[in-house]
Amino acid sequence: MKNYRLKVLPYGIELAVPQGTSVMKALIDAGIYLEGPCGGRGTCGKCKVELTQWQQDSFHEKEMEWHRALACRQDVTQDLVIKVPEVRKEETRKGLLQIKLSGQKKQNRIQKYALKISKPSIENPVSDQERLWNALGTGVFYPRHYRALRNLPVLLRQKDHEITAVIRWSEVIAIEPGDTSDKLYGVAFDIGSTTIVGSLIDLIKGQVVATHSEGNPQRVYGADVISRISFVDSEENGLEILQSKVIEAVNGIIEKLAQEVGISVEDIY
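This one's a predicted model, so the numbers in the text were calculated from it and none came from an experiment.

Participant: Hey, could you run me through the packing of helix 5 (residues 225–234) against helix 6 (residues 238–261) in this one?
Facilitator: For any two helices packed against each other, one specifies the crossing angle of their axes together with the interaxial distance. Interaxial distance between helix 5 and helix 6 falls to 7 Å at its minimum, and their mutual angle equals 130°. With respect to helix 6, the axis of helix 5 lies oblique. On helix 6, the residues that touch Arg228, Phe231 and Val232 of helix 5 are Gly238, Leu239, Ile241 and Leu242. Among the residues making up the contact of helix 5 with helix 6, the classes are represented as five nonpolar, one polar and one charged.

Written as structure tokens, this is what we have:
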């Protein structure tokens, strides 16, 4: 199958797109957002773009003849230059909401314990794992996921046998080198049909320290849940496509929250 070239403005990117692919699918696959409340049926008119034939590598935008088309109904049958509306910044009431938890004591299911583990000796040749268990004391369960202990020998020796054990419901889920007991975060998400909001929470203080919102990328497949169910029913791998879009957005929000506060995503449990 022949591929055609698409140049996308104002992003300045170039795509190689198989013949017959809709412009909307090509843009979505490239990570470029377009509104599509009707789910690609061509009835809402929200996915309008400007198109012109790509005739040469160098061009002057003002000299080109543009025509408007619905991206969901326009198939790629030649090399094209496309102008896409820039995505507006999400400014919703939910995106501006800051949950106030200060002064409230919450029972946190995840705890951190800084430990100084005894060093092995010829007189007392005890394994790293057993010395960790002795330091933790009774009431801590053996981890169901062995990866929590896999790097224990290396981690112990990075900070002179000082480590931090991360425990959830009395089970060790991770081990960090040194004393990191002052860094423990979680993220709460509100996944709405139009907007996804993530709040970064300091689990030690019980406070929301940052909030970020983005449009739900599933919107390009329908404005409401019923339209998206229809997409899943009619499109091969439709469910996986919708799921991957939400996961991609959630991961992006996590990275932005971590950058804003100046922490690592590894500090978020």
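The rest of the description comes next.
Participant: Is there a simple way to think about the pairing of strand 11 (residues 207–215) in this case?
Facilitator: Side-chain direction in a regular strand flips from residue to residue, so the side chains alternate between the two faces of the sheet. Here strand 10 (residues 195–202) pairs with strand 11 via eight bridges, running antiparallel. Along strand 11, the bridge assignment pairs Asp202 with Gln207. Hairpin remark: strand 10 followed by strand 11, antiparallel, with four residues in the connecting loop; positive phi at Gly206, about 70°.

Participant: Just to check I follow, could you spell out the nonpolar core for this structure?
Facilitator: Note that soluble globular proteins tend to have their nonpolar side chains buried in a common cluster. Formed by 27 residues in total, the largest nonpolar core has its most connected members in Leu6, Met24, Ile82 and Val84. Those elements giving two or more residues to this core turn out to be strand 1 (3–9), strand 2 (13–18), helix 1 (23–29), strand 3 (48–53) and strand 5 (80–83). Ranked by residue count, the leading element in this core is helix 1, at five residues. Among all residues touching Leu6, those that are not within four sequence positions of it are Ile13, Glu14, Leu15, Val17, Ala26, Trp54, Val76, Leu80 and Ile82. One finds Leu132, Leu149, Val172 and Ile175 within the second-largest nonpolar core, a separate group that totals 14 residues.

Participant: Can you help me understand a nonpolar patch on the surface in this one?
Facilitator: Together, Val225, Ile226 and Ile229 make up an exposed nonpolar region whose accessible area comes to about 310 Å². Looking at the secondary structure, you find Ile226 in helix 5. By relative accessible area, which is 62% here, Ile226 ends up exposed.

Participant: What exactly am I supposed to notice about the sheet that holds strand 2 here?
Facilitator: Adjacent strands of a sheet form backbone hydrogen bonds with each other and so pair up, either parallel or antiparallel. Taken together, five strands build an open sheet; the order of strands is 2-1-5-3-4 and the sheet is mixed. Taken across any chain shown, the strands that pair with only one partner, and hence form the sheet edges, are strand 2 and strand 4 (67–70). Sheet twist, expressed as the average angle between the axes of neighbouring strands with direction ignored, equals 35°. The sheet contact formed by strand 1 and strand 5 spans four bridges and is parallel. Looking across to strand 5, one finds that Lys7 is bridged to Val81.

Participant: What is the right way to read the pattern of salt bridges from this model?
Facilitator: Close approach of charged atoms allows side chains of opposite charge to pair. A complete count under the given rule lists nine salt bridges for this structure. Bridged by salt links that share partners, the residues Lys116, Lys119 and Asp160 form one connected network.

Participant: Please clarify how the sheet that holds strand 8 (residues 171–177) should be interpreted in this entry.
Facilitator: If you walk across this open sheet you meet the three strands as 6-7-8, and the pairing is antiparallel. Edge positions in the open sheet fall to strand 6 (110–116) and strand 8, since each of these has one partner strand only. Averaged over all pairs of adjacent strands, the angle between their axes in this sheet comes to 25°, without regard to strand direction.

Participant: Honestly, helix 6 in this entry has me stumped. Any pointers?
Facilitator: For the α-helix, the turn length of 3.6 residues means that residues three or four positions removed from each other point alike. Counted at 1.5 Å a residue, the expected span for helix 6 with its 24 residues is 34 Å, and the 35 Å between its end C-alpha atoms agrees. Within helix 6, burial applies to Gly238, Leu242, Lys245, Val246, Ala249, Val250, Gly252, Ile253, Ile254, Leu257 and Ala258. Where the residues of helix 6 are buried, they touch helix 1, strand 9 (185–191), strand 10, strand 11 and helix 5. Where helix 6 terminates, the next one or two residues include Gly262, which has phi positive at roughly 80°.

Rules used in this analysis
- Residues numbered from 1 in each chain as written.
- Predicted model: local features only at pLDDT ≥ 70, side-chain atom pairs only at ≥ 80, totals over all residues.
- Heavy atoms only, no water.
- Axes fitted to C-alpha atoms, helices over the stretch in contact; angles between N-to-C directions.
- Helix = DSSP H or I, 4+ residues; strand = E, 2+ residues; numbered from the N terminus.
- Parallel < 35°, antiparallel > 145°, perpendicular 65-115°, else oblique.
- Contact = heavy atoms within 4.5 Å.
- Nonpolar A, V, L, I, M, F, W, Y, C, P; charged D, E, K, R; others polar.
- Pairing = 2+ DSSP bridges.
- Core = buried A, V, L, I, M, F, W, Y, C linked by side-chain atoms within 4.5 Å.
- Buried < 20%, exposed > 50% of the residue type's maximum accessible area, 1.4 Å probe, protein only.
- Patch = residues over 30% accessible without salt bridge, like charges linked within 9 Å, V, L, I, M, F, W, Y side chains within 5 Å.
- Areas by Shrake-Rupley, 256 points an atom, 1.4 Å probe, with all protein chains shown as cover.
- Salt bridge = Lys/Arg side-chain N within 4 Å of Asp/Glu carboxyl O.
- Expected span 1.5 Å × (residues − 1).

As far as function goes, none of this settles anything; it's purely spatial.
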